[in-house]
Structure formats: structure tokens, C-alpha cells
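# Observations on chain architecture
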Amino acid sequence: MPTPVAVRVVLQSRLSSSRLPGKAMLTLAGMPAVVLAARRAGNSGLPVVVATSDQSDDDVLADAVRAAGIEVFRGSLHDPLGRFVAATADLDDDALVVRLTGDNAVPDGAFLTELIDTMLAAGQDYIRVTMADIYGVGAEVFRVRLLRAADADTSDPFDREHVTPWIRRHTGDLDFVPTLAAGDPARVRCTIDTLQDYVVAATALGKVADAATAPWRDLLRAWADAGGALPEPLAGGRDNAIKQGPWVLGAVQLGVVYGAANSSGQPDAVGAARILAVAAASGVTHVDTARAYGESEARIGASLAHGLSERIGVVTKVRPLDDLAVDAPAAAARDAVHASVQESLRLLKSSAVSAILLHRWADWAKGSGAVADALQQVRRDGLCAVVGASLSSPEELLAAVADERVGYVQLPFNLVDRRWTSPQVQEALAARSDLIVTVRSVFLQGLLAVPDTARWPVNAGDIDPIRDGLPRLVKELGRDSAADLAVAYVRGHSFVTSVVLGAETTDQVRDQARLMRRAPLTAAEIERVNEVIPAGVPTLVDPSQWKVE
């Protein structure tokens, strides 16, 4: 079906980006990024207008776009929806608007024409590109009358900032997934949202003969070759409400010195940022932190604000409510939860996170139940997707799974902690297939990863069978190391959604990535581990009971 004449590409852009200020004017292929994006969008004849703000900060952007022979419209900085309405005021109601952003240079005229034709062939008035594993090829098409209806009906700041949420709520949500050819990368980041993104983009476009006319699939390949390729998802993940994969980065080490086997101390701010970046590039989907983890939230927030928020989710915990009595006034309980959550979000520089947990299960019932109610309100307010608690014992787990409000639990489990494999616990977990179960203490603070360490607690019981059995099992089961065996053992249990692995260095993250790509133990191999290594005594499996000379 031919593309109709009444089409206008509106490419929104501004210089006041919070993550990479001025990115629209960064040079790509010898021209400002916004000019390249506009030229590519119009390279098959579609009319393009760059819609920027009327603030003086954007004067240089408007001048550069005009100098390139591209039409400019200027409107409200804080009301992009109103800016789109004004930029299309001369069009008929049935005309089509293609919405693009100035930091995504991959879409070209052929791509947009295919998008428009798909929408018209389906008889719809709205369509958007959905490529779950390719970032930076976003585009939407909608009728002008829908844009005007949204403008007249909504005053919600979110709707007005993001232009199309109202339209999506009032139309059929038609998704367009372009077909990739053989050899095309299926997972690539080609948006320009951080300095590293820009370096990759400049490298990629430097390898293309004519960046303004090259087919969009050629740019995908160039981006992937230049370092924009994303890692394949780790195998073994379970479907869950927050799309949490099998590997969660533990971030307590980013905020305090932690772990019996910690030999490098707490990383500095630059080191923390590098650890988070390498983790995101290695398959980590979420980072686990807490109000009680010192500088951890603030350091994560700094990285989220510079582009990591698009690649990694956050699970954080309310501060320990030790000062709150079980029968404390409900108002005091609610205030304690909300104050902690708001401080976490402030430090994380985020409006919402994936999950918010209580630091201890005992806090769930405090305030005569007001703490749990407050967490539920936090979830209903959209500040997180699920709530739950960090647990210490099977008794706490049984209580948690019985409460349908709990959607996420974190518990300690490793190859000497057999408490969680009892029939009663397994039966309770089987009844809650929706529950996200994240496991910490896989290495028992490093003791199981380096079994010959001299740092074992003096009240650990008879540790010789453990220290002797680990290297024997590594050899017998064909594992790479004791750390490999420890991770594979935990991941071999079907009730485990994810494992939390902390790191003080980027080398540790890379080592963990190798472990996470190894196969979990089979049921028979798990049984063999259980035969060779006895269950640890309570004073070993619970670090809070350790006595160290």
C-alpha cells in the first residue's frame, strides 16, 4: 500500500538531557546528531520537522537544524504533547504523525514507510515499534485527531511529557516488529543516551560510507561491530513480574566493607560505577541494595542517572525498623516505611524501582500490620512492581508465602544450608509459582568459594568433610572450581528464580559471568553433593551466629 501524502515526521529534541547534556549537538558522521537523525528520517522523501523547545538553551540546536535545510518548530520545553499539537496545527485530523527522538539515528525513510503501511493495512490509528532487545530504533505513528484529543483531555504531567500514553490507552495497541535478515544482530544498543553510547555510535557511523542514506539494517550491524552488541540472556531464568533474570548483582560491597573473604575492601565511586557497567553488560538484570548498605544506593543512583536505568532494575530494602514496636501506632509505621522509600528513591535518582523489601521479616507485622499495608500502598502508588522481605529461616518463609501480598522473597541458600529443601518448605513454595525467590549467601560470605581459607568461624562444627569434599566434587562432577560448584548447586534447584552474587572488583564480575553461563547441576548431581558434604550446623549456615578468633 502506498504511503499517503498527509504525513509529517516530528522529531523531538532538546539540549537539556539529564544523562548526556547537549547530546543532540554531538558530532556524528560530520554533522550534529539531530541533523543526522532528521536526514535519515527524510531520506526517502517524508517531510520532517524538528520540534525543539523555545528556551534560549536550544537556540544553537535550532540554528544548526535550519542551517542544514531542515524545518524547525519551537514550543514548550515542559509540555512536549502541546509542542507536537502546535507543530501539526496545519494538518487535517486524518493526517499521520511519525514521532521520533533526536538521539536515535537508525530509523530511515524505508523503515518509517514500512511502519506506516503496516498500520494502514491493519486499519488502525496508532502503531509503535517494539523490538525488545534492540534499543534505539523506536518510532510511533498516529492520527493527528488522536493527538488533539489527548491534548484536550489530559493534564497529567506524565501524559504530556511522554506525548503518547493517552493515545495508547484509547486505541488498539498495534506493535510493529521489523523482520531481521540473516546475520543481523538481534540484541544491540544503538541509542545515544550516555557518553559510552556516543563513543560506540561515532565508531559505528565512521565505518559507513554514507551515514545519511545507509539502510537501517546496515547501521544495526555497524553498531554491533562497534561494541553495541548486547549479551545473550542467561539461560535458566524463570518468568516473573519484574523480568528478573537468574543473576542479580549484590551491592552491599559498593557501600560498605563486607564479606569474610573480602580482600580488596570497598570500591571507590569510580570503581563502583565500573562494576555496575560491567555487570549490566554481562547479563545482570537487577542490582540488590538497601537503605542499610551505606553508600550503595547513592552510588547506584549515580550510574542509573547516566544511562544504566535502561539496562538494569533495582531491588532495595526499607531500613531496619528496630525502633518500631510491634504495636506501634499505625501512623508511625506508615511514616517510617514511606520516609525510607522516598530516601531510597532520592538516592537512586529514580521515580520507581522493581521491588521494595523489608530488611527483616519481623518488620512485616509491626505497627499492628501497618508496615505491610504501607508497602502495599507503595506498590499501588507505582513506586515498585512487587514487595516482599528478606528472610532468615524456613519458618519466616512459610509465613511469607501464606500472605498473597508478598511477591518477592530473598533467602540464604547454599550447598551446606539444607533447611530450604525440606518437604514442608518445598510444598509451600510449589503453591506460590508467582513468587520471586532470590537466593543470597551462595558462597557463604566466600567460604565455599575458597574452601581452604583460614577464616572459618570457630563454632562451625566439623568442617573437614566440607573442605575435603569440595575439591573432590569439583573434580568428580567436572566443575571449574569450588565457586562453580556452589553456584551450579543452588541454580539446580527449581524453586530458585535468581542468585545474588556480590563483587568488589570488575574482575570478580567477569568471573561470575563465566560461572553463570555454566550449566546448573542435575538432580542426580545435587544428590551426590548431598551425599558427600553434610549439612552445616546452625552456627555455620547463619553468619550472625559466627564466632571468629
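As a starting point, this report considers the structure included with it. (Residues numbered from 1 in each chain as written. Predicted model: local features only at pLDDT ≥ 70, side-chain atom pairs only at ≥ 80, totals over all residues. Heavy atoms only, no water.)

## Looking at the overall build of the protein chain
Each helix and strand counted, the protein chain has 21 helices and 19 strands in total. For 549 residues, the compact-globule estimate of 2.2 N^0.38 gives 24 Å, and the protein chain sits close to it at 26 Å. For the protein chain, the spread of C-alpha atoms along the principal axes amounts to about 80 × 55 × 45 Å. Going through the 549 residues of the protein chain one by one, you find that 55% of them count as buried. Across the protein chain, every contact between residues at least 6 apart in sequence was considered, and the portion connecting residues at least 24 apart equals 75%. Just so you have it, the protein chain exposes about 22600 Å², and 51% of that area is on carbon and sulfur atoms. (Helix = DSSP H or I, 4+ residues; strand = E, 2+ residues; numbered from the N terminus. Rg over C-alpha atoms; globule rule 2.2 N^0.38 Å. Buried < 20%, exposed > 50% of the residue type's maximum accessible area, 1.4 Å probe, protein only. Contact = heavy atoms within 4.5 Å. Areas by Shrake-Rupley, 256 points an atom, 1.4 Å probe, with all protein chains shown as cover.)

## Some remarks on the pairing of strand β18 (residues 436-440)
Along β18, four of the five residues are buried, which leaves the element largely enclosed by surrounding structure. Where strand β17 (residues 408-412) and β18 come together, five bridges link them in parallel fashion. Opposite P412, over in β18, you have R440 as the bridge partner. At this point the chain moves from β17, through helix α16 (residues 423-430), to the parallel β18, and the crossover so formed is right-handed. (Pairing = 2+ DSSP bridges. Right-handed = clockwise from strand over helix to strand, strands pointing away.)

## As for the packing of helix α11 (residues 269-282) against helix α19 (residues 506-516)
In the contact formed by α11 and α19, the axes pass within 9 Å of each other and the chain directions differ by 15 degrees. With respect to each other, α11 and α19 are oriented roughly parallel. Between α11 and α19 the crossing geometry is right-handed. For the pair α11 and α19, contact is made by R274, I275, V278, A279 and S282 and by T506, V509, R510 and A513, respectively. For the contact of α11 with α19, the class distribution of residues is five nonpolar, two polar and two charged. (Axes fitted to C-alpha atoms, helices over the stretch in contact; angles between N-to-C directions. Parallel < 35°, antiparallel > 145°, perpendicular 65-115°, else oblique. Left-handed = near helix turned anticlockwise from the far one by under 90°. Nonpolar A, V, L, I, M, F, W, Y, C, P; charged D, E, K, R; others polar.)

## So, the pairing of strand β16 (residues 384-390)
A large share of β16 lies buried, amounting to six of its seven residues. One ladder, built from five bridges, connects strand β15 (residues 353-358) with β16; its direction is parallel. When the bridges of β16 are listed, V353 appears paired with C384.

## Re the pattern of salt bridges
Per the stated rule, a full pass over the model turns up 40 salt bridges. Residues participating in the shared-partner salt-bridge network are D94, D125, R143 and R145. (Salt bridge = Lys/Arg side-chain N within 4 Å of Asp/Glu carboxyl O.)

## Here's the deal with the sheet that holds β17
Taken in spatial order, the eight strands line up as β12-β13-β14-β15-β16-β17-β18-β19 and close into a barrel, and their pairing is parallel. For this sheet, the mean angle separating the axes of adjacent strands, direction not counted, is 30 degrees. Relative to strand β13 (residues 286-288), strand β12 (residues 247-250) is paired through three bridges, and the arrangement is parallel. Residue pairing across strands places V248 opposite H286, the latter belonging to β13. Together, β14 (313-318), β15 and β16 form the strand contacts of helix α14 (residues 370-380), whose direction differs from that of β16 by roughly 155 degrees.

## With respect to the sheet that holds strand β1 (residues 7-12)
One open sheet accounts for seven strands, arranged β5-β4-β1-β6-β9-β7-β10; its pairing is mixed. This sheet does not close on itself; its edge strands, each paired only once, are β5 (71-75) and β10 (174-176). When the angles between neighbouring strand axes are averaged without regard to direction, this sheet yields 25 degrees. Here six bridges tie β1 to strand β6 (residues 96-101), and the two strands are oriented parallel to one another. Pairing of V10 across the sheet is with R99, part of β6. Contacting β6 and β9 (140-143), helix α5 (residues 144-153) runs over the sheet at an angle of about 85 degrees to β9.

## Description of the packing of aromatic side chains
Applying the stated criterion to the full structure yields five aromatic pairs. An angle of 75 degrees between the planes, with centres 4.9 Å apart, marks the rings of F111 and W216 as edge-to-face. One end of the pair, F111, is in helix α4 (residues 109-121); the other, W216, is in helix α9 (residues 216-228), with 105 residues separating them in the sequence. In this pair, the class of F111 matches that of W216, namely buried. With 6.1 Å between their ring centres and 45 degrees between their planes, F413 and Y489 make a pair best called tilted. Note that F413 is positioned in the loop between β17 and α16 and Y489 in helix α18 (residues 482-491), a separation of 76 residues in sequence. (Phe/Tyr/Trp six-rings, centres within 6.5 Å; stacked < 30°, edge-to-face > 60°.)

## So, the packing of helix α3 (residues 80-87) against α5
Packing of α3 against α5 leaves a shortest axis separation of 10 Å and a crossing angle of 135 degrees. Judged on the interaxial angle alone, α5 and α3 are oblique. The element α3 and its partner α5 pack so that their crossing is left-handed. For the pair α3 and α5, contact is made by L81, G82, F84 and V85 and by L147, A150 and D151, respectively. Here the residues of the contact of α3 with α5 sort into five nonpolar, one polar and one charged.

## Focus: unusual backbone geometry
The phi angle at V163 is positive, at roughly 70 degrees, despite the residue not being glycine. By secondary structure assignment, the location of V163 is in the loop between α6 (157-162) and α7 (165-169).

## Concerning the environment of K317
Along the polypeptide, K317 turns up in strand β14. Placed 23 residues apart in sequence, K317 and S340 show a C-alpha to C-alpha distance of 8.6 Å. With near-sequence residues (within four places) excluded, K317 lies in contact with D288, T289, A290, R291, Y293, S344, L357, H359, S390 and Q410. At 2.9 Å, the side chain of K317 and the side chain of D288 are in polar contact. Within the local environment of K317, its side chain forms a polar contact with the backbone oxygen of T289, the two atoms lying 3.1 Å apart. (Polar contact = N/O pair within 3.5 Å; in protein donor to acceptor, adjacent residues only side chain to side chain.)

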